[in-house]
Amino acid sequence: MRLIALIDMDYFFVACEELRHPEIKSRPAVVGSDPKQGEGRGVVMTANYAARKFGLRSGMPIYLAYRIKKDAIYLPVDFDYYEEMSKKVMALVKTYADKFEQVSIDEAFIDISSRAKDYDAALEQMRKLKQEVKDKIGLPCSIGISTNKLVAKMASDDAKPDGIKLVKEDEAKEFLSKKPVGDLYGVGRKMRKVLEDFGYKSVGDLAKANPVVLVERFKSYGAELYNYANGRDESEVQENWEVKSIGRERTFERDTSDRYEITKAIREMSKEVGEEMKRQGFAFKVVTIKLRYSNFEENLKSRSLTHRSVDPEEIAQVATQLFDKYAETGEELRKVGVRVSNFAKYKGQKRMAEYA
Ligand code: DCP
Ligand code: CA
Ligand code: CA
């Protein structure tokens, strides 16, 4: 029997902040952009559970959060620190794994089949892991355990916060069936609406649907939906997690502040990067632009997508947006660069492989 667990850190960025600022514990706290007294742009990256009680959520405009809860604690984002904590957590998680696949900064799948001979053993090991993460690192996490990745992931959502949930193979279908269709792994907001309009309100509705109809409506995605709704997922925990990057840089013949010329260069480089990425069969999650000014000052700006993408067009889009957002108007540029990073091996038509 396969046994797979998904470890996901609870309210990760704020939990990291609580660790170094214990005084904010138990108070509503948010990591995100500066709310600037309700005038701030940007969003809430995450909120602790005390803040979630007031409706504060990841992705919510920061000014809105501020209107709802002025006296919450608003903290700026410190990625380097969260990365450092993430590395510590992942190193520990790895020691419990036959196979280890990190899928985002705060989340990893592990295959524990050869170490845990049955459900009880799996539970016991994961309890120990959870305790160790708490004792050695000081952070709370939630763990889902099942016989495949899909159900392990959804079990971990159920276990939140600070819990463990085991869903046995013969319980998986029942476990999933009551969930709203939007909770099914890989179903985003748009897809949820489409599915609901077709009358599939719960995962159970999808599981009972005629697969032929689903494939007619949604092509290969329909088949995947049907399998997922029925708790079936054969995909393996992918050990060969690679982090690498592909980039291009261009130095202008003469320093320029001409937006047209610069974005044209960005688009061309994005296209090249996209082609190279395709050739290598990878997907990216982070787009970075490099701006070097006439005075040789250099500026790197990145954006992380919420999903992994293989779309070259998206590189150009994000890179141009970054340029428009961060380039100082009128400043002349000597050089501009585009880079994509944070790859996972791209396995064919895997539209639902958006774990992060
Ligand atoms: N994050 C982000 N942008 C988002 C969502 C999340 O930058 N739209 C960041 C902040 C989170 C971290 O990624 O702390 C992990 O995201 P999760 O979705 O796992 O959410 P949390 O860990 O914050 O909360 P939960 O306890 O629900 O897992
Ligand atoms: Ca999390
Ligand atoms: Ca996560």
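Note that the coordinates shown come from a computational prediction; the quantities given were computed from them, not determined experimentally. Every chain begins its residue count from 1, and numbering advances along the sequence as written. Going through the entries in the order they are written, you letter the chains from A and number the ligands from 1. Reporting of local features is limited, given that this is a predicted model, to residues whose pLDDT is at least 70; pairs of side-chain atoms are given and counted only at 80 or more, and all residues count toward the totals for whole chains, interfaces and linings. For the side-chain quantities, the full set of heavy atoms in the structure was used; hydrogens and water were omitted.

Brief notes about the coordination of the calcium ion (ligand 2)
Next up, step 1: Only nitrogen, oxygen and sulfur atoms qualify as donors, and only when within 2.8 Å of the metal (3.2 Å in the case of Na, K and Ca); with water excluded, sites may look incomplete. In this structure, Asp 8 (OD), Met 9 (O) and Asp 106 (OD) serve as the protein donors to the calcium ion (ligand 2), at separations of 2.1 to 2.2 Å.
Next up, step 2: If you look at the calcium ion (ligand 2), its six donor atoms make angles of 79 to 172° with each other, and the shape they trace is octahedral.
Next up, step 3: Between the two metal centres, the calcium ion (ligand 2) and the calcium ion (ligand 3), the spacing is 3.5 Å, with Asp 8 acting as a shared donor. Exposure class is identical for Asp 8 and Met 9. Each is buried. Sites are called tetrahedral only when four donors show all angles between 85 and 135 degrees, square planar or octahedral only when four or six donors show opposite pairs over 155 degrees and all other angles between 65 and 115, and irregular in any remaining case. Burial here depends on accessible area, computed with a 1.4 Å probe over protein chains only, as a share of the maximum for the residue type. Under 20% is buried, over 50% is exposed, and the range in between is partly exposed.

Examining the packing of aromatic side chains
Next up, step 1: For Phe, Tyr and Trp, rings pair up if their centres lie within 6.5 Å, where Trp contributes its six-membered ring, and each pair is then called stacked (planes under 30 degrees apart), edge-to-face (over 60) or tilted (otherwise). This model, assessed by the stated rule, comprises eight aromatic pairs.
Next up, step 2: Each ring, one from Phe 13 and one from Phe 79, has its centre 5.7 Å from the other, and the planes form 85°; the classification is edge-to-face. With Phe 13 in helix H1 (residues 12-20) and Phe 79 in helix H4 (residues 79-94), the pair connects residues that are 66 residues apart, well separated along the chain.
Next up, step 3: By relative accessible area, Phe 13 is classed as buried at 10%.
Next up, step 4: Ring geometry for Tyr 81 and Tyr 82: centres 5.9 Å apart, planes at 55°, overall tilted. In this text, helices come from DSSP runs of H or I with a minimum length of four residues, and strands from runs of E with a minimum of two, each type numbered from the N-terminal end.

A look at the site of ligand 1
Next up, step 1: Each residue is tested against the molecule or strand, and it is near if at least one of its non-hydrogen atoms lies within 4 Å. Lining the immediate surroundings of ligand 1 are 13 residues, of which Tyr 11, Met 45, Thr 46, Tyr 49 and Arg 52 lie closest.
Next up, step 2: Counted as a polar contact is a pair of N or O atoms within 3.5 Å, where, for protein atoms, one must be capable of donating a hydrogen and the other of accepting one, and residues adjacent in sequence contribute only when both atoms are in side chains. Note that an oxygen atom of ligand 1 is positioned 3.2 Å from one of the backbone N or O atoms of Met 9.
Next up, step 3: The separation between an oxygen atom of ligand 1 and a polar side-chain atom of Arg 52 is 2.8 Å.
Next up, step 4: Mapped onto the shell around ligand 1, the elements with two or more residues apiece are strand E1 (4-9), H1, strand E3 (44-47) and helix H2 (49-52).

Quick look at the coordination of the calcium ion (ligand 3)
Note on metal geometry: ideal angles are 109.5 degrees for four donors arranged tetrahedrally and 90 or 180 degrees for six donors arranged octahedrally.
Next up, step 1: Surrounding the calcium ion (ligand 3) are the protein donor atoms Asp 8 (OD), Asp 106 (OD) and Glu 107 (OE), at 2.3 to 2.4 Å.
Next up, step 2: Between the donor residues of the calcium ion (ligand 3), the gaps in sequence give the motif D-x97-D-E.
Next up, step 3: Among the residues examined, Asp 106 registers a relative accessible area of 11% and is labelled buried.
Next up, step 4: Using a relative accessible area of 4% as the deciding quantity, one classes Glu 107 as buried.

Considering the pattern of salt bridges
Next up, step 1: Definition used for salt bridges: Asp or Glu carboxyl oxygen within 4 Å of a side-chain nitrogen of Lys or Arg. One pass over the structure, following the stated rule, counts 31 salt bridges.
Next up, step 2: Between Asp 71 and Lys 69 there is a salt bridge; the shortest N-O distance is 3.0 Å.
Next up, step 3: We note a salt bridge from Arg 192 to Glu 196, for which the minimum N-O separation is 3.5 Å. Placement of both Arg 192 and Glu 196 in helix H8 (residues 189-197) is noted, with a separation of four residues, approximately one turn of the helix.
Next up, step 4: Taken together, the salt bridges that share partners define one network made up of Arg 248, Arg 250, Lys 264, Glu 268, Glu 272 and Glu 276.

Looking at the domain arrangement of the chain
Next up, step 1: By domain assignment, the chain separates into domain 1 (1-167), domain 2 (173-229) and domain 3 (245-345).
Next up, step 2: An automatic or database domain assignment supplies the start and end points of every domain. Inter-centroid distance (C-alpha atoms) of domain 1 to domain 2 is 27 Å.
Next up, step 3: Summed over both partners, buried area is the accessible surface (1.4 Å probe) that two parts give up on being assembled. In this assembly, domain 1 packs against domain 2 so that about 720 Å² is buried in total across both faces, 83% of it on carbon and sulfur atoms.
Next up, step 4: Contact with domain 2 buries surface across domain 1, with Leu 150, Met 154 and Asp 158 losing the most and accounting together for 68% of the total.
Next up, step 5: Between the two partners, domain 1 and domain 2, sit one salt bridge.
Next up, step 6: Here the element with the most residues in the side of domain 1 that touches domain 2 is helix H6 (residues 149-159); it accounts for six residues.
Next up, step 7: In this count, Pro and Cys sit with the nonpolar residues alongside Ala, Val, Leu, Ile, Met, Phe, Trp and Tyr, while Asp, Glu, Lys and Arg are called charged and the others, Gly among them, polar. Looking at the side of domain 1 that touches domain 2 residue by residue, the classes come out as six nonpolar, no polar and three charged.

Considering the packing of helix H12 (residues 259-280) against helix H13 (residues 312-326)
Next up, step 1: Packing of H12 against H13 brings their axes to within 8 Å, and their N-to-C directions diverge by 145°. For the pair H12 and H13, the crossing hand works out as right-handed. Between H12 and H13, the contacting residues are Arg 259, Ile 262, Thr 263, Ile 266, Arg 267, Ser 270, Val 273, Gly 274 and Met 277 on the first element and Pro 312, Ile 315, Ala 316, Ala 319, Thr 320, Phe 323 and Asp 324 on the second.
Next up, step 2: Residue classes in the contact of H12 with H13 are distributed as nine nonpolar, four polar and three charged. Here an axis means a line fitted to C-alpha atoms, over the contact stretch when the element is a helix, while the angle between two N-to-C directions is reported on a 0 to 180 degree scale. By the definition used in this description, the sense in which the near helix is turned from the far one sets the handedness, with an anticlockwise turn below a right angle giving left-handed and a clockwise turn giving right-handed. The contact rule is simple, with two residues in contact once any of their heavy atoms fall within 4.5 Å.

Some remarks on the confidence of the model for the chain
Next up, step 1: On average, residues of the chain score 91 in pLDDT, and 95% of them reach the 70 mark or higher.
Next up, step 2: In predicted models, pLDDT denotes the confidence assigned by the predictor to each residue on a 0 to 100 scale. Note that residues 346-356 has pLDDT below 50 and, in this model, 30 contacts with residues that lie over four places away or in other chains.

Things to note about the environment of Ile 24
Next up, step 1: Considering the arrangement of structural elements, one finds Ile 24 in the loop between H1 and strand E2 (29-32).
Next up, step 2: A relative accessible area of 5% means that Ile 24 is categorised as buried.
Next up, step 3: Apart from the residues lying within four places of it in its own chain, the contact partners of Ile 24 are Glu 17, Glu 18, Ala 29, Asn 48, Ile 73 and Leu 75.

What to know about a positive patch on the surface
Next up, step 1: Patch rule: a residue counts if its relative accessible area is over 30% and it has no salt bridge; like charges are joined within 9 Å, and nonpolar side chains (Val, Leu, Ile, Met, Phe, Trp, Tyr) within 5 Å. Note that accessible areas follow from Shrake-Rupley with a 1.4 Å probe, and for residues the cover is restricted to the protein chains shown. The charge count treats Lys and Arg as positive and Asp and Glu as negative. His and the chain ends do not count. Charge positions come from single atoms, namely NZ of Lys, CZ of Arg, CG of Asp or CD of Glu. On the surface, Lys 36, Arg 41, Arg 303 and Lys 325 cluster together into a patch of positive charge.
Next up, step 2: The class for Arg 303 is partly exposed, based on a relative accessible area of 35%.

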